[in-house]
Amino acid sequence: MDTATDRAIEMFDLPHLGQDPAHTYRLGIMGGTFDPIHNGHLVAAEQAYDDLGLDLVVFMPAGNPAFKQDKRVTSGEDRYAMTLLATSDNPHFTASRFEIDRDGVTYTADTLRLLHGLYPDNVAFFFITGADAIADIVTWRDAGDIARLAHLVAATRPGYDLSYARRVIEGSAYDFDVTYLEVPALAISSTDLRERAELGQSLRYLTPDSVIGYIRKHGLYDVGDAFQAPMQRDRAKMELTSDERD
Ligand code: ATP
Ligand code: MG
């Protein structure tokens, strides 16, 4: 049992799956930058778990995302920690270090190839994305390998047209196997959360409280004094006023 493969699976917090050769295991992979993770990601993954009868969904924060090279991205450790916190109370979910622990730019095709090497053939991979990402996937590096190595699950995302995504996929040269999911639409994005944090606005009900706590404690997204409860803000203002009086 204690083979090099098993040790690798443990090192990356990946689940042990595939022991019963008579059974096909269905492993969901939710990839993303998760800067920070939010309820839109969680709802999409939960619905994929239910509708596709998955055994587990692994959330995999991207190491050094290929398409975000020009942007400032929070450290992999922080994004992983928030992903772990957000997924910890759901037995259908787990978080993995598989991509953040790899050096260099992480490409989904490489991740899928490596996963295929780690798991036996009776484990099938379901790569879950939002409608925006599914339309882009045809342009990703080694898109043909992605089509060969995983089933794709495309979730609705407000502002992105699933029928457009469908047309792009159908028009592509590769044989993608895609399941389209209508999930309860949550108009939430990480970009919006980062902006709210910077402006000192509430993140409550947009991402789990544990993630909000982590953002505050670690001062992510320039959360400084502005990110205080209104009462604390008022108190700070009062203190300033009394100091001024002295
Ligand atoms: P950013 O604004 O920084 O791009 P994001 O909110 O798009 O962040 P990502 O980490 O880029 O989050 O997304 C990871 C995956 O989750 C992508 O496949 C994306 O399409 C999907 N996703 C993100 N937000 C939602 C949402 N509100 N509903 C459904 N899917 C979503
Ligand atoms: Mg995005």
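Scope of this entry: the structure provided in the associated data block. (Residues numbered from 1 in each chain as written. Chains lettered and ligands numbered in written order. Predicted model: local features only at pLDDT ≥ 70, side-chain atom pairs only at ≥ 80, totals over all residues. Heavy atoms only, no water.)

A word on the pattern of salt bridges
- Tallied over the full model, the rule gives nine salt bridges.
- Residue Asp 110 pairs with Arg 113 through a salt bridge whose shortest N-O separation is 2.7 Å. Taken together, the residues Asp 110 and Arg 113, both in helix H4 (residues 108–118) and three residues apart, mark about one turn of the helix.
- Look at Arg 113 and you get partly exposed, because its relative accessible area is 31%.
- For the salt bridge of Asp 145 with Arg 113, the shortest nitrogen-to-oxygen distance reads 2.4 Å. You can see Asp 145 sitting in helix H6 (residues 143–149) and its partner Arg 113 sitting in helix H4, a full 32 residues away along the chain.
- Three or more residues joined by partner-sharing salt bridges are found here, namely Asp 110, Arg 113, Asp 142, Asp 145 and Arg 148. (Salt bridge = Lys/Arg side-chain N within 4 Å of Asp/Glu carboxyl O. Helix = DSSP H or I, 4+ residues; strand = E, 2+ residues; numbered from the N terminus. Buried < 20%, exposed > 50% of the residue type's maximum accessible area, 1.4 Å probe, protein only.)

Comments concerning the environment of Asp 51
- In this structure, Asp 51 sits in helix H2 (residues 39–51).
- Along the sequence, Asp 51 and Leu 181 sit 130 residues apart, while their C-alpha atoms lie 8.2 Å from each other.

Some words on the pairing of strand S5 (residues 151–155)
- Most of S5 is tucked away, with four of its five residues classed as buried.
- Pairing between strand S4 (residues 123–130) and S5: five bridges, direction parallel. For Phe 126, the partnering residue across the bridge sits in S5 and is His 151. (Pairing = 2+ DSSP bridges.)

A short note on the sheet that holds S5
- Strand order in the open sheet formed by six strands is S3-S2-S1-S4-S5-S6, and the pairing between neighbours is parallel. Taken across any chain shown, the strands that pair with only one partner, and hence form the sheet edges, are strand S3 (93–95) and strand S6 (178–181). Sheet twist, expressed as the mean angle between neighbouring strand axes with direction ignored, is 25°.
- Sitting on the sheet, H2 is in contact with strand S1 (25–32), strand S2 (56–61), S3, S4, S5 and S6, with an inclination near 150° to S2.
- Of the strands in this sheet, S2 and S3 are in contact with helix H3 (residues 76–87), which crosses S3 at around 160°. (Axes fitted to C-alpha atoms, helices over the stretch in contact; angles between N-to-C directions. Contact = heavy atoms within 4.5 Å.)

Some points on unusual backbone geometry
- For the bond from Asp 35 to Pro 36, the omega torsion is 0°, close enough to zero to count as cis.
- On the secondary structure map, Pro 36 appears in the loop between S1 and H2.
- Phi at Asp 13 takes a positive value of approximately 55°, unusual for a residue other than glycine.
- Inspection of the secondary structure puts Asp 13 in the loop between helix H1 (4–11) and S1.

Overview of the packing of aromatic side chains
- Within this structure, the stated rule accounts for six aromatic pairs.
- Judged by centre distance (6.4 Å) and plane angle (80°), the rings of Phe 127 and Trp 140 are edge-to-face. Linking Phe 127 in strand S4 with Trp 140 in the loop between helix H5 (131–136) and H6, this pair joins segments that are 13 residues apart in sequence.
- Taking relative accessible area as the criterion, Phe 127 reaches 7% and is therefore assigned buried.
- Considering the side-chain rings of Tyr 174 and Phe 176, the 6.1 Å spacing of their centres and the 85° angle between planes classify their relative orientation as edge-to-face.
- For Tyr 174, a relative accessible area of 40% puts it in the partly exposed group.
- Aromatic ring contacts, followed pair by pair, group Phe 34, Phe 59 and Phe 93 into a single cluster.
- Across from the ring centre of Tyr 80, 5.0 Å away, lies the NZ or CZ of Arg 97, which sits over that ring. (Phe/Tyr/Trp six-rings, centres within 6.5 Å; stacked < 30°, edge-to-face > 60°. Lys NZ or Arg CZ within 6 Å of the ring centre and 35° of its normal.)

A word on the side chain of Ser 189
- Among the structural elements, Ser 189 can be located in the loop between S6 and helix H8 (190–199).
- For Ser 189, a relative accessible area of 19% puts it in the buried group.
- In terms of polar contacts, Ser 189 uses its side chain to reach the backbone amide nitrogen of Asp 192, at 3.0 Å.
- Dropping the residues within four chain positions of it, Ser 189 is found in contact with His 38 and Arg 157. (Polar contact = N/O pair within 3.5 Å; in protein donor to acceptor, adjacent residues only side chain to side chain.)

A look at the site of ligand 1
- The environment of ligand 1 is formed by 21 residues, the closest being Gly 130, Asp 132, Arg 157, Ser 190 and Thr 191.
- Between Leu 186 and ligand 1, the recorded distance is 2.9 Å, taken from a backbone N or O atom to a nitrogen atom.
- Between ligand 1 and the protein, one listed contact pairs an oxygen atom with a side-chain N or O atom of Arg 194 at 3.1 Å.
- In isolation ligand 1 exposes 600 Å². Once the protein is present, 90% of that is buried.
- Taken together, the residues that form the shell around ligand 1 break down as five nonpolar, twelve polar and four charged. (Near = heavy atom within 4 Å. Areas by Shrake-Rupley, 256 points an atom, 1.4 Å probe, with all protein chains shown as cover. Nonpolar A, V, L, I, M, F, W, Y, C, P; charged D, E, K, R; others polar.)

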